[in-house]
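Coordinate analysis (summary)
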Amino acid sequence: MANPPKAPQDVEVLAQNVTKEGNVIHAVGNVVLYSPKYLITADEAFYNHETGDLDLHGNVTMQEGVSYASRSGHTKINLNTDQGNASPLFFFDETSNIWLQCDTAILDAELYITQKSIVSSCNTQNPDWKIEFSTGELNKESKWMHLYNPVFYAGDMPLLYLPYFSLSTDTTRRTGLLRPDFGFGSEGLYYLQPIYFAPEDHWDMEVSPQIRTSRGEGIHSTLRFVDSPYSKGEISAGYFSEKAEYAQEKKLKYDQHYGYKIMYERSALLSTKY
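Model, not experiment: these values are computed from the prediction.

Quick look at the overall build of the chain now. Counting its regular elements, the chain contains one helix and 22 strands. The C-alpha radius of gyration computed for the chain amounts to 25 Å, which surpasses the reference 19 Å derived for 274 residues by more than 25%, pointing to a less compact arrangement than a globule. Along the first, second and third principal axes, the C-alpha set of the chain runs to 80 × 55 × 45 Å. Counting across all 274 residues of the chain, residues that qualify as buried make up 34%. Across the chain, contacts joining residues at least 24 apart in sequence account for 31% of those joining residues at least 6 apart. Split by element, the accessible area of the chain, about 16,400 Å² in all, is 54% carbon and sulfur. Within the chain, one finds 23 positive and 35 negative side-chain charges whose respective centroids are separated by 8 Å.

Turning to the layout of surface pockets, a few remarks are in order. For the largest pocket, the calculated volume is near 800 Å³. Along the walls of the largest pocket sit 31 residues, with Leu167, Leu177, Leu178, Arg179 and Pro180 positioned nearest its centre. Of all the secondary-structure elements, those providing two or more residues to the lining of the largest pocket are β10 (129-139), β13 (157-161), β14 (164-168), β15 (176-177) and β17 (188-192). Examining the composition of the lining of the largest pocket, we find that four residues originate from one element, β14, more than from any other.

Here we take up the nonpolar core. Counting 38 residues, the largest nonpolar core has Leu54, Leu79, Leu89, Ile131 and Met145 as its most contacted members. Once residues within four sequence positions are removed from consideration, Leu54 is found in contact with Leu33, Ile40, Ala45, Phe46, Tyr47, Thr75, Lys76, Ile77 and Leu79.

Turning our eyes to something else, we now look at the pairing of strand β18 (residues 195-200). Looking at chain direction, β15 and β18 are connected through two bridges and run antiparallel. Residue Leu177 lies in a different strand from β18, and its bridge partner there is Ile195. When β18 meets strand β19 (residues 203-212), the two strands line up antiparallel, connected through four bridges. Looking across to β19, one finds that Ile195 is bridged to Val207. Counted along the chain from β18 to the antiparallel partner β19, the turn is two residues long.

Under the definition given, this model contains eight aromatic pairs. Aromatic side chains Phe90 and Trp99 sit 5.7 Å apart centroid to centroid with 25 degrees between the ring planes, which places their arrangement in the stacked category. Phe90 gets classed as partly exposed once you look at its relative accessible area, which sits at 27%. Taking the relative accessible area as the measure of exposure, Trp99 reaches 4% and is therefore buried. Aromatic ring contacts, followed pair by pair, group Tyr68, Phe91 and Tyr112 into a single cluster. Seen from the ring of Tyr153, Lys130 lies directly overhead, with NZ or CZ sitting 5.2 Å from the centre.

What follows is about the environment of Tyr47. Relative to the elements of secondary structure, Tyr47 occurs in strand β4 (residues 38-48). Between the C-alpha atom of Tyr47 and that of His26, which follows or precedes it by 21 residues, the distance is 6.6 Å.

Before going further, it helps to spend a moment on the side chain of Asn139. The residue Asn139 is located in strand β10 in this model. Look past the residues within four positions of Asn139 in its chain and what remains in contact with it is Glu110, Leu111 and Trp144.

Even without being glycine, Asn59 reaches a positive phi, approximately 50 degrees. With respect to the helices, strands and loops of the structure, Asn59 is situated in strand β5 (residues 53-64). Even without being glycine, Lys143 reaches a positive phi, approximately 60 degrees. You can see Lys143 is positioned in the loop between β10 and β11 (144-148).

Rules of the game
Residue numbering note: each chain is counted from 1, following its sequence as written. Residues qualify for local features only when their pLDDT is at least 70, as the model is predicted, and side-chain atom pairs are given and counted only at 80 or more; totals for whole chains, interfaces and linings, by contrast, use all residues. Only hydrogens and water are set aside; all other atoms, that is, all heavy atoms of the structure, feed into the side-chain values. Only DSSP runs of H or I reaching four residues or more are called helices, and only runs of E reaching two or more are called strands; each is numbered from the N terminus. Computation of the radius of gyration draws on C-alpha atoms, with the globule rule given as 2.2 Å multiplied by the number of residues to the power 0.38. Any residue under 20% of the maximum accessible area for its type is buried, any over 50% is exposed, and the rest in between are partly exposed; the area is computed with a 1.4 Å probe on protein chains only. Contacts were defined at the residue level, with two residues in contact if any of their heavy atoms lie within 4.5 Å. In short, Shrake-Rupley with a 1.4 Å probe defines the accessible areas, and a residue's cover is counted only from the protein chains shown. By the counting rule applied here, Lys and Arg register as positive and Asp and Glu as negative, while His and the ends of each chain are not counted. Note that the charge is assigned to NZ on lysines, CZ on arginines, CG on aspartates and CD on glutamates. The definitions used throughout rest on a 1 Å grid laid over the protein atoms alone, on which a cavity is an enclosed set of points accommodating a 1.4 Å probe that cannot get out and a pocket is an open set flanked by protein within 12 Å on both sides along at least five of seven lines; lining residues are those having an atom within 4 Å of a point. Grid points are joined across faces, edges and corners, and a volume is the space filled by probe spheres set on the points. The nonpolar core is taken to be a set of buried Ala, Val, Leu, Ile, Met, Phe, Trp, Tyr and Cys residues, with the residues joined through side-chain atoms within 4.5 Å. By the convention used here, strands pair only if DSSP detects at least 2 bridges between them. Aromatic pairs are defined between Phe, Tyr and Trp rings, using the six-membered ring for Trp, whenever the two ring centres lie within 6.5 Å; interplanar angles under 30 degrees are classed as stacked, those over 60 as edge-to-face, and all others as tilted. A positively charged side chain is recorded as over a ring if its NZ (Lys) or CZ (Arg) lies within 6 Å of the ring centre. The angle to the ring normal must also be within 35 degrees.

Following this line, the structure appears as structure tokens:
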């Protein structure tokens with residue numbers, strides 16, 4: 001049995017000029033549209049309040065809740081089903097600071113399917129790293145991105161090609177891989193991969209191995225803990241080993257470096273009362 005169609009949403013349209021013909025509202029100039037899910041601005045909009053179809057043109061911005069925002073030149077979307085398409089599209093996830101830019105995108109309540117795309121979390125003009133891919137899927141519910149034919153770049157230099165790659169945009173506290181840090185410079189290719197462990201609510205650990213192809217390898221780890229409502233601590237340790245030729249070229253006194261740091265903070269030293 002087919003699901004009954006959703007009732008039209010309560011939508012408010014503001015613009016410099018608003019006209020209505022049948023079920024279609026035509027708004028032109030500084031268009032602002034409010035719905036239960038979206039805050040939308042555009043240069044021009046056509047909205048069918050019976051079917052929920054919305055056709056947006058020029059400088060289209062869409063704010064979805066508190067986490068997602070997008071900008072496009074042209075977007076068609078049904079406000080009752082959240083299905084539509086946009087081109088070109090710039091999408092930003094405020095929670096993870098990840099942005100995505102693509103030529104075309106198919107929109108759905110849970111899934112964005114994109115073509116000829118770029119994803120990064122750096123400066124949008126000249127990102128330190130980016131991933132270009134032919135086709136991608138962003139699931140807003142599971143917070144996973146699936147990339148097909150991705151090419152990894154450090155600046156404008158391609159470093160690695162894979163037929164498939166997936167990454168999480170979820171910043172919820174949980175054990176797993178964190179976003180890597182990588183680049184290319186005088187020390188060669190630099191890659192750091194943080195690994196996060198969160199087995200208990202009162203403590204966690206981050207271990208970050210790194211490699212610098214022209215310099216050496218190292219690892220850094222930080223243990224954080226909370227032992228009372230008014231006290232917490234942190235223990236950090238690190239080690240780095242220089243390559244012999246690098247240490248000799250730079251005239252380094254030591255070719256191995258290590259250290260540690262211990263921090264403990266207590267806000268109620270003499271009393272547990274606030």
